[in-house]
Amino acid sequence: MAPMMLEDDFIPTLSDSDAVSDEEMSAPEPPTQVASQLSTKRKREEKKAKGGAAKKRKQDSTTVDGQEIKTSSGDVVVEGGQDKDDDMLSDFEFDNSDRTAILGGFDGWDIGGKGGEEVDVISRIVARRRGGEIPNAAKTPSAPVGEEGGEEDSDVESDQDLDSEPDAEDDEEDATIGPDDDDESSATGEEHDEDVAAPVTHPDDAASDSGSDDNNEEDALEREKQRAFFAPAPDPQPTSTTGATDTTFTSMSLSRPILKGLSALNFTTPTPIQKKTIPIALSGQDIVGGAVTGSGKTAAFLLPILERLLYRPKRIPTTRVSILTPTRELALQCLSVGKRLAAFTDITFGRAIGGLNSREQERELALRPDIVVGTPGRYIDFLRNSPHFQTDTLEILVLDEADRMLETGFADELNEILKSIPQNRQTLLFSATMSSKVDDLIRAGLQRPVRILVDAQKTSAAGLVQEFVRLRPGRESKRLGYLLHLCTEVHRDRVIVFFRQKKEAHRVRVIFALLGLQAAELHGSMTQEQRMQAIESFRSGRAGFLLATDLASRGLDIRGIETVINYEAPQSHEIYLHRVGRTARAGRGGVSCTLAAEPDRKVVKAAVKAARGQKGAEVKQRTVEPGFADAWQSKIDDLADQVEAVMREEKEERVLEQSEREVRRAENFVQFEGEIMARPKRTWFESEKDKAEAKRRGGEVLNGAAPEGEKKRKGEGKLSNKRKKRLEDRDERRGEGMGWKKGKGDAKAAGAGGGKGPKGAGAGKAGKGGGKNGKGKGRR
Ligand SMILES: Nc1ncnc2c1ncn2[C@@H]1O[C@H](COP(=O)(O)OP(=O)(O)OP(=O)(O)O)[C@@H](O)[C@H]1O
């Protein structure tokens, strides 16, 4: 069966409705096909980029947002012969001496997904439109047409003029899901697709340009709290005969079957976080663990768990360990790593993962597997509805990506889980951006945890080169043109591109397909099958680009990702670190490239500042000649009609597939009516309304709460001028006690006298639209 989009996909977030409307785009033109040869110009550029003539050496200093930054190597990449922007970024001394050796060859993402061989809907539609021909490469548009020096896009509608009504209700659930349909993420309070980015400036952005990180620094009170809360870290154990601390897996007293598992994965030497964590975890203490992305945190918590489980009483099967992750993909990956490490043991695994077949998982859980790996929503679903799943025997709880799990958006779910498991468990929290804030950690029920922070906070991987492409004011509307230039000329393979909005990721996916670039998309509006297929297609190299939302920003371990492109900067420096951490993993090298316009300023600044303070971190400015981006942008604009047509066809296919599903469901119901009706009613932990509210709260924390009086109605994005005017008029009427429509004279008088009421649409949701009612209970 062809994969299918969820019925109401592309949930408009605040930002979705702010996208530049497609209507602006003009006539289509068939995309040019395969370009086998690089243009001379491109070759010249590549040469330059690789350290040729265009490399600017030894800049004494440059400025970032007014701050002077000393440069050392002057490795500024200049494309298209344009001088570097002096007010952007510079290099920092690159010292690679600390860089760990390239580690073993295990790709965590090997979950047995369906091979990615199936051609996805978009590729199929595009091929059909071309009479069966599947495009395979984009050609650089002819000579740049844009003039140097970012002209103003005066004809682009301002945000305020865009219609801010959402395209569709916020709806990640499939309310009509039948008993056999397990893609019911939202119905079970499944993972949160982190697609809650605000399109507007973060309130903090408005703060001074001083770049002060005072907020992030632990104040004295917090330090005091931490001293009382954390257990002192034990001294490193001298383990070798020489008394040195050069720990090996063998010296950590791991049992033979575990060592065999390690050796099968080619893990010969423990990484720093593994060295520090394993002995402490084996002693049963709670742990708050932090280490840079790609540094082996998964094995750091799995190994001691497996070792401990080897000595469990075996007579009665008992579930003793739960590992929770914020996304299904991460749960599957963790499961895969665990199974491989435990390959030579009798330790068993079960799943409580959203988007996968419930009954199959219930059957696994009924066998009381030693370890259950899950996502919070499905975990709670089983807690409530599956008589076979019991957590009162739990001895160890792991929260992977713990800072995310402790965020407001997950708070209710986590509380529900924590209250169902024994308090005297061991709790292990891990993340690359692990917070040490005591109040957060208390919520996780930790008891005198040991804090193991291997790397300084907010550190990026040692082998990462961070590039930034500055979009000057007025150039923001050409963002996609820049992306296309980068993806066809600079970072052309094994690239993951991050978007803030699902809708944009999808639109770009269509554009890539029309241009002949092999891409897969990954976001929360896809079925689990599609998600896994997308990852597999990227992992296997069939797709050179993965266009993703922040759903993919944390934890995914896909081997060989060379580049991470941030189409837009994410909402926070933490998410930035997770995103760019998809490359340069396990001691390897990698590049991140962030398109940085004015709204991205805060995160870019934070990234540069953090890199400045990090020994060996390499930061580069990449300058793209505006003409290249313009040429691509106009090519993209010319494709507008085709993009629309493809999306229309896709929608039609979805409707068709949906009705087929309905028919299958009805048939299924008729066939198994007795069994279905006999099942106990399933209860849901949170109503959709609660969930939407939790999500809104999460979004608010992430994006900063909208100031009072500027809060928006449910599902509403920025206010259009028309709507603003209407609301202002209403407020005026209210303020003046008028119960009728104002006449012209009144308007004038009001204008002259001022006295307008408060702006905004009053109370309501700042985030996505509300959830559906009537989902509180159902049958399974
Ligand atoms: N001791 C080791 N020797 C060799 N390779 C290792 C070792 N430990 C882990 N790896 C490999 O390092 C890679 C990164 O590991 P892992 O996914 O656990 O990182 P992480 O720290 O959890 O990253 P993130 O913060 O992004 O989730 C994986 O491909 C894994 O196979």
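Every value quoted in this text rests on a predicted model; they were computed, and no experiment measured them.

## Structural notes on the UniProt feature "short sequence motif: Q motif" (unreviewed entry) in the chain
The UniProt record annotates "short sequence motif: Q motif" (unreviewed entry) at residues 247-275. From the first C-alpha to the last, residues 247-275 spans 7 Å; its make-up is 45% helix and 0% strand.

## Focus: the domain arrangement of the chain
In terms of domains, the chain is made up of domain 1 (249-453) and domain 2 (464-636). The C-alpha-based centres of domain 1 and domain 2 are spaced at 30 Å. Each side of the interface is counted separately: domain 1 has 16 residues, and domain 2 has 15 residues. A per-element tally of the side of domain 1 that touches domain 2 places helix H7 (residues 328-341) first, with 4 residues.

## Digging into the packing of helix H14 (residues 502-515) against helix H19 (residues 640-678)
Between H14 and H19, whose axes approach to 10 Å, the crossing angle comes to 110°. It follows from the interaxial angle that H14 and H19 lie roughly perpendicular. Crossing of H14 over H19 shows right-handed handedness. Here Arg 507, Val 510, Ile 511 and Leu 514 of H14 come into contact with H19, specifically with Gln 642, Val 643, Val 646 and Met 647. When grouped by side-chain class, the residues that make up the contact of H14 with H19 number 6 nonpolar, 1 polar and 1 charged.

## Considering the nonpolar core
Leu 483, Val 497, Phe 545 and Leu 546 are the most contacted members of the largest nonpolar core, which has 149 residues in total. No fewer than three residues from each of domain 1 (249-453) and domain 2 (464-636) sit in this core. Discounting chain neighbours no more than four positions away, the residues touching Val 497 are Leu 483, Phe 545, Leu 547, Ile 565 and Tyr 567.

## Description of the UniProt feature "domain: Helicase ATP-binding" (unreviewed entry) in the chain
The UniProt record annotates "domain: Helicase ATP-binding" (unreviewed entry) at residues 278-452. Secondary structure within residues 278-452 divides into 41% helix and 17% strand; the distance between the first and last C-alpha atoms comes to 11 Å.

## Considerations on the sheet that holds strand S4 (residues 287-290)
Spatially, the 7 strands line up as an open sheet ordered S6-S7-S5-S8-S9-S4-S10, and their pairing is parallel. Edge positions in the open sheet fall to strand S6 (349-352) and strand S10 (450-453), since each of these has one partner strand only. Between one strand axis and the next, the sheet turns through 15° on average, direction left out of account. Across 4 bridges, strand S5 (residues 321-324) lies against strand S7 (residues 371-374) in parallel orientation. Bridge pairing links Ile 323 to Val 373 in S7. Taken strand by strand, H7 contacts S5, S6, S7 and strand S8 (396-400), and its axis lies near 150° from that of S7. Its contacts with the sheet place helix H9 (residues 376-385) against S5, S6 and S7, and it is angled at close to 100° to S6.

The rules we used
- Residues numbered from 1 in each chain as written.
- Predicted model: local features only at pLDDT ≥ 70, side-chain atom pairs only at ≥ 80, totals over all residues.
- UniProt positions renumbered as here; feature names shortened; annotations may be inferred.
- Helix = DSSP H or I, 4+ residues; strand = E, 2+ residues; numbered from the N terminus.
- Domains from an automatic or database assignment.
- Contact = placed C-beta atoms within 7 Å.
- Axes fitted to C-alpha atoms, helices over the stretch in contact; angles between N-to-C directions.
- Parallel < 35°, antiparallel > 145°, perpendicular 65-115°, else oblique.
- Left-handed = near helix turned anticlockwise from the far one by under 90°.
- Nonpolar A, V, L, I, M, F, W, Y, C, P; charged D, E, K, R; others polar.
- Core = buried A, V, L, I, M, F, W, Y, C linked by C-beta atoms within 7 Å.
- Buried ≥ 20, exposed ≤ 12 C-beta atoms within 10 Å, placed from the backbone.
- Pairing = 2+ DSSP bridges.

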